[in-house]
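What follows is the residue order along each chain.
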Amino acid sequence: MTTQLEIAKRRTGWLAALGAVSMIGAAYAAVPLYRLFCQVTGYNGTVSRADASSLPDAARVQALGGQMIRIRFDATTAAGLPWRFKPRQITNDIKIGEKALAYYTATNTSAKTIVGRATYNVSPDTAGQYFRKIECFCFTEQSLAPGQTVEMPVIYYIDPAILDDPSANRISEITLSYTFFPQAD
C-alpha cells in the first residue's frame, strides 16, 4: 500500500525528470530559434533575406534623390580551413534601394575536396535590419575540389527604411563580413 509521502516523492521525481527533459529540448532549440530571431529582426548585425519582388520600385528609389551608402566587404576563414577567401572588390558605393552585385572568390588550397559554409553579419549592428540579401553563397554549403577556384555572388540592396530610423539614418558605411567554416562530413 502506497502512502501519501511515496506518492508525493514519485510526483516530484516525474516533475524533475520532465523539467530536465524540457531544459535539454530548450537548449537544442535555442540556437536555431536565436538565428531565426536575428534574421527576422536584424539583431546583432544579422542580415535579412529577401526576394527580388521586395525591391523598392523605381519611383521610390528616385524619390530618395540618389542617396548613396558605401558597402565594405570583408572575408575570413576559420582556422583549419585551407581556403583563400576574399572579396573581388573592397568597397562599393551604391544607391539606397537599388539592387547591387558583389563577388567573393574562394580557392581550395588543399589536396582534397572540402565543404564549407559561410556565416555573415553586418556592421554597424543597427544596419543589419536594413541590409537585404536576395541571393548569396552563404545560403548553402560550398564544395570545392582540390585547387578549385570559384566566384560566389551576393545580390543585395539597402532598404530605404534605413533613412526613417533615427539610429541608422546617419550611417554612411556598412561592412558586410563573411567567415567560412569547414563543414563536418
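What comes next concerns the included structure. What you see is a predicted model; the values in this text were computed from it and never measured.

**A look at the overall build of the chain**
A tally of regular secondary structure across the chain gives two helices and ten strands. Tracing the chain from N to C terminus, the helices and strands come up as α-β-α-β-β-β-β-β-β-β-β-β. Burial status across the chain gives 37% buried among its 185 residues. Considering only residue pairs separated by 6 or more positions, the chain has 76% of its internal contacts joining residues 24 or more positions apart. Of the roughly 11,000 Å² of accessible surface on the chain, 56% is carried by carbon and sulfur atoms.

**Quick word on the state of the cysteines**
Within the structure shown, the criterion is met by one disulfide. One disulfide in the model links C136 with C138; its S-S distance is 2.4 Å. Because the torsion about its S-S bond is 130°, the bridge between C136 and C138 counts as right-handed. Each of the two residues, C136 as well as C138, counts as buried.

**Looking at the nonpolar core**
One finds I71, Y104, F137, I174 and Y178 to be the most contacted residues of the largest nonpolar core, which totals 38 residues. When contributions to this core are tallied by element, the ones reaching two or more residues are strand 2 (68-77), strand 3 (83-87), strand 5 (100-108), strand 6 (114-123), strand 7 (131-136), strand 9 (149-158) and strand 10 (173-182). The greatest single-element share of this core, amounting to five residues, is contributed by strand 9.

**Section: the pairing of strand 9**
A regular strand places its side chains so that they alternate between the two faces of the sheet. Relative to strand 9, strand 5 runs antiparallel, the two sharing eight bridges. If you follow A100 over to strand 9, its bridge partner there is Y156. Here five bridges tie strand 7 to strand 9, and the two strands are oriented antiparallel to one another. Across the sheet, K133 pairs through a bridge with Y156, a residue of strand 9.

**Structural notes on the sheet that holds strand 6**
Pairing is mixed across the open sheet formed by five strands, whose spatial order is 4-2-10-6-8. Of all strands in the sheet, those with a lone pairing partner are strand 4 (91-95) and strand 8 (142-144), marking the two edges. In this sheet, adjacent strand axes meet at a mean angle of 30° when their direction is disregarded. Bridging between strand 6 and strand 8 involves three bridges; their strand directions are antiparallel. Bridge pairing links V115 to S143 in strand 8.

**A short note on the packing of aromatic side chains**
For the coordinates displayed, the defined rule picks out twelve aromatic pairs. Ring centres of Y104 and F137 lie 5.5 Å apart, and the angle between their planes is 55°; on these two criteria the pair is classed as tilted. Taken as a pair, Y104 in strand 5 and F137 in the loop between strand 7 and strand 8 lie far apart in primary sequence, 33 residues in all. Assigned by exposure class, Y104 and F137 land together as buried. Judged by centre distance (5.2 Å) and plane angle (15°), the ring pair of F131 and Y156 falls under stacked. Separated by 25 residues along the polypeptide, F131 in strand 7 and Y156 in strand 9 bring together distant segments of the chain. Residue classification places Y156 among the buried residues on the basis of a relative accessible area of 0%. Grouped by ring-pair contacts, the aromatic residues F73, W83, F85, Y104, Y120, F131, F137, Y156, Y178 and F180 constitute a single cluster. The side chain of K133 reaches across the aromatic face of Y120, ending 3.4 Å from its centre.

Reading guide: rules and limits
Residues numbered from 1 in each chain as written. Predicted model: local features only at pLDDT ≥ 70, side-chain atom pairs only at ≥ 80, totals over all residues. Heavy atoms only, no water. Helix = DSSP H or I, 4+ residues; strand = E, 2+ residues; numbered from the N terminus. Buried < 20%, exposed > 50% of the residue type's maximum accessible area, 1.4 Å probe, protein only. Contact = heavy atoms within 4.5 Å. Areas by Shrake-Rupley, 256 points an atom, 1.4 Å probe, with all protein chains shown as cover. Disulfide = S-S within 2.5 Å. Core = buried A, V, L, I, M, F, W, Y, C linked by side-chain atoms within 4.5 Å. Pairing = 2+ DSSP bridges. Axes fitted to C-alpha atoms, helices over the stretch in contact; angles between N-to-C directions. Phe/Tyr/Trp six-rings, centres within 6.5 Å; stacked < 30°, edge-to-face > 60°. Lys NZ or Arg CZ within 6 Å of the ring centre and 35° of its normal.

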